[in-house]
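Listed below are the residues making up each chain.
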Amino acid sequence: MEAYLDNSATTKVFESVKDLVVKTMTEDFGNPSSLHKKGVEAEAYVKAAAESVAKTLGAAPSEIIFTSGGTESNNMAIIGAARANRRAGKHVVTTTIEHPSVYNVFGYLEGEEGFSVDYIPVDGNGRVRQDALLAAIREDTTLVSVMYVNNEIGSVNPVGEIGALIKKKNPRTLFHVDAIQAYGKYRIRPKQEQIDLLSVSGHKIHGPKGVGFLYVKNGTRLLPVVYGGGQQRGMRSGTHNVPGIAGMGEAARVIYEDHEEKIRAMYGLKKLFVELVGQLPGTRINGLCGEDSAPHVVSVSFEGIKSEVLLHALEERGIFVSSGSACSSNHPAVSGTLKGIGVRRELLDATLRFSFSVFTTEKELRYAARVLGELLPVLRRYTRR
């Protein structure tokens, strides 16, 4: 059998998403910028998708900018906000465990555009140290970026508390949240949580690849990073990806239907998997694993086994997992997240991520745990040789 347990990397699309994408590619395929009937039909899909995702956030459709995915959304938010507000200050803040599409952007601002960056550490559970964050915010701090859910260990930052801290210290500081692993798992309310900018990716919630959106609170100063024909109010030029946008809107609608039931079931699966894997000798669960963590991510270190060796051994048995962020797995490096939470050096390259979705079954998890129980002693014998 197969067990797909790499849903933090990407997910299978919902059937209704697939049908809508095909329809907008083969029937209603007009360009939304065209003035004729086909263009008007296409534009209606874009408007409907904006309304759909805005509704899930308690936001206005005018606050939604569609992008090519989470990486572009993060780049647009961070670079666009930093450049737009540079006269107010060139000091920005993020954490040590951000996704590369955030962390590397701050490195660019620091190295190429002369910004001063503070990188805030996390505690042993992977949550940002609020005392250090508060101390870092200055009068010239124009932007703080903190991820909602960590993509490697599933730690959850209390973004509402963080937003309140930021605005109390400096009301002019913009708050950006990478919600790519959180959207669809949590009810996010940017206005209540004092979030100015929020990044989301479609293929993490059973939507198409190559599409995402950036929530931009009305009145937020942001410069575009893509110039051209002036689409999306001049903030993101280029012909709309109508099939992707339509699919994104549909995925957002479906993922938040019976939402509490979906998340409760996922937490049940997570609890089961943690119990099963925790019984195996030489394993360590990284970070929190109860309902104070994300419902879909489990990080496990396996003593005495290289993660890549175990990953491919599992693959041969039809079990698909990840050794870290999918965006950096082709260029292996030491995980900043695992180092940040104090994982022992010998386990940094002995860790796998298992991640679930609404399609994950108990049968898959029991199969994966059983296979792990069979493989671990064999692989450890070979490693000792």
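Going by the structure above, here's the rest.
Because the structure is predicted, anything quoted here is derived from the model rather than measured. (Residues numbered from 1 in each chain as written. Predicted model: local features only at pLDDT ≥ 70, side-chain atom pairs only at ≥ 80, totals over all residues. Heavy atoms only, no water.)

Visitor: Give a description of the packing of helix α3 (residues 70-84) against helix α4 (residues 100-112) that names residues and reports values.
Guide: The angle between the axes and the distance between the axes are what describe a pair of packed helices. Two numbers describe how α3 lies on α4: the axes approach to 9 Å, and their chain directions differ by 30°. Here α3 is positioned roughly parallel relative to α4, judged by the angle of their axes. Relative to α4, α3 is oriented so that their crossing is right-handed. Where α3 abuts α4, its residues Thr71, Asn74, Asn75, Ile78, Ile79, Ala82 and Arg83 lie against Ser101, Val102, Val105, Phe106, Tyr108 and Leu109. (Axes fitted to C-alpha atoms, helices over the stretch in contact; angles between N-to-C directions. Helix = DSSP H or I, 4+ residues; strand = E, 2+ residues; numbered from the N terminus. Parallel < 35°, antiparallel > 145°, perpendicular 65-115°, else oblique. Left-handed = near helix turned anticlockwise from the far one by under 90°. Contact = heavy atoms within 4.5 Å.)

Visitor: Residues and numbers for the sheet that holds strand β5 (residues 141-147), please.
Guide: Pairing in this open sheet of seven strands is mixed, and the strands run β2-β8-β7-β6-β5-β3-β4 from one edge to the other. Strand pairing shows two members of the sheet lacking a second neighbour, β2 (64-67) and β4 (116-120), which therefore form its edges. Ignoring strand direction, the axes of neighbouring strands in this sheet form an average angle of 20°. Relative to strand β6 (residues 174-178), β5 runs parallel, the two sharing five bridges. Residue Leu143 lies in a different strand from β6, and its bridge partner there is Leu174. Packing against the sheet, helix α2 (residues 37-57) makes contact with β2, β7 (197-201) and β8 (212-216), and its axis sits at approximately 115° to β2. (Pairing = 2+ DSSP bridges.)

Visitor: So what's going on with the layout of surface pockets? Residues and values would help.
Guide: Of the pockets and cavities examined, the second largest pocket occupies roughly 290 Å³. What lines the second largest pocket is a set of 14 residues, among which Val46, Lys47, Gln232, Arg233 and His240 lie closest to the centre. Listing elements by their share of the lining of the second largest pocket, those giving two or more residues are α2 and β2. Taken together, the residues of the lining of the second largest pocket sort by class into six nonpolar, five polar and three charged. (1 Å grid on protein atoms, 1.4 Å probe; cavity = no way out; pocket = protein on both sides within 12 Å on 5 of 7 lines; lining within 4 Å. Points joined across faces, edges and corners; volume = space filled by probe spheres on them. Nonpolar A, V, L, I, M, F, W, Y, C, P; charged D, E, K, R; others polar.)

Visitor: An account of the nonpolar core is requested, with residue identities and associated values reported.
Guide: Phe66, Tyr183 and Ile188 are the most contacted members of the largest nonpolar core, which has 55 residues in total. Discounting chain neighbours no more than four positions away, the residues touching Ile188 are Thr56, Leu57, Tyr148, Ala179, Ala182, Tyr183, Glu193, Ile195 and Leu198. Core analysis: the next-biggest nonpolar cluster, separate from the first, contains 29 residues, Val298, Val371, Leu376 and Leu379 among them. (Core = buried A, V, L, I, M, F, W, Y, C linked by side-chain atoms within 4.5 Å. Buried < 20%, exposed > 50% of the residue type's maximum accessible area, 1.4 Å probe, protein only.)

Visitor: Lay out the pairing of β7 with the relevant residues and their values.
Guide: Taking burial as the measure, the five residues of β7 include five buried ones, the bulk of the element. On β7, burial covers both faces: Leu197, Ser199 and Ser201 on one face and Leu198 and Val200 on the other are all buried. Across three bridges, β6 lies against β7 in parallel orientation. The residue of β7 that forms the bridge with Val177 is Leu198.

Visitor: Can you lay out the pattern of salt bridges for me, pointing to particular residues and giving the numbers?
Guide: Per the counting criterion, the structure on display carries 21 salt bridges. Arg253 serves as the salt-bridge partner of Glu250, at 2.7 Å between the closest nitrogen and oxygen. Taken together, the residues Glu250 and Arg253, both in helix α7 (residues 242-255) and three residues apart, mark about one turn of the helix. The exposure class of Glu250 is buried, given its relative accessible area of 14%. One continuous salt-bridge network, built from bridges that share partners, spans Glu15, Lys18 and Asp19. (Salt bridge = Lys/Arg side-chain N within 4 Å of Asp/Glu carboxyl O.)

Visitor: Please provide a residue-by-residue account of the packing of aromatic side chains, values included.
Guide: The final tally for this structure, using the stated rule, is eight aromatic pairs. Taking the centre distance of 5.8 Å and the plane angle of 80° together, the rings of Phe273 and Phe356 count as edge-to-face. With a gap of 83 residues between them, Phe273 in helix α8 (residues 259-278) and Phe356 in the loop between β12 (351-355) and α11 (362-384) connect regions that are remote in the sequence. Taking the relative accessible area as the measure of exposure, Phe273 reaches 0% and is therefore buried. Of the aromatic side chains, those joined through ring pairs into one cluster are Phe273, Phe302, Phe354 and Phe356. We note Lys90 situated over the ring of Phe115; from NZ or CZ to the ring centre the distance is 5.1 Å. (Phe/Tyr/Trp six-rings, centres within 6.5 Å; stacked < 30°, edge-to-face > 60°. Lys NZ or Arg CZ within 6 Å of the ring centre and 35° of its normal.)

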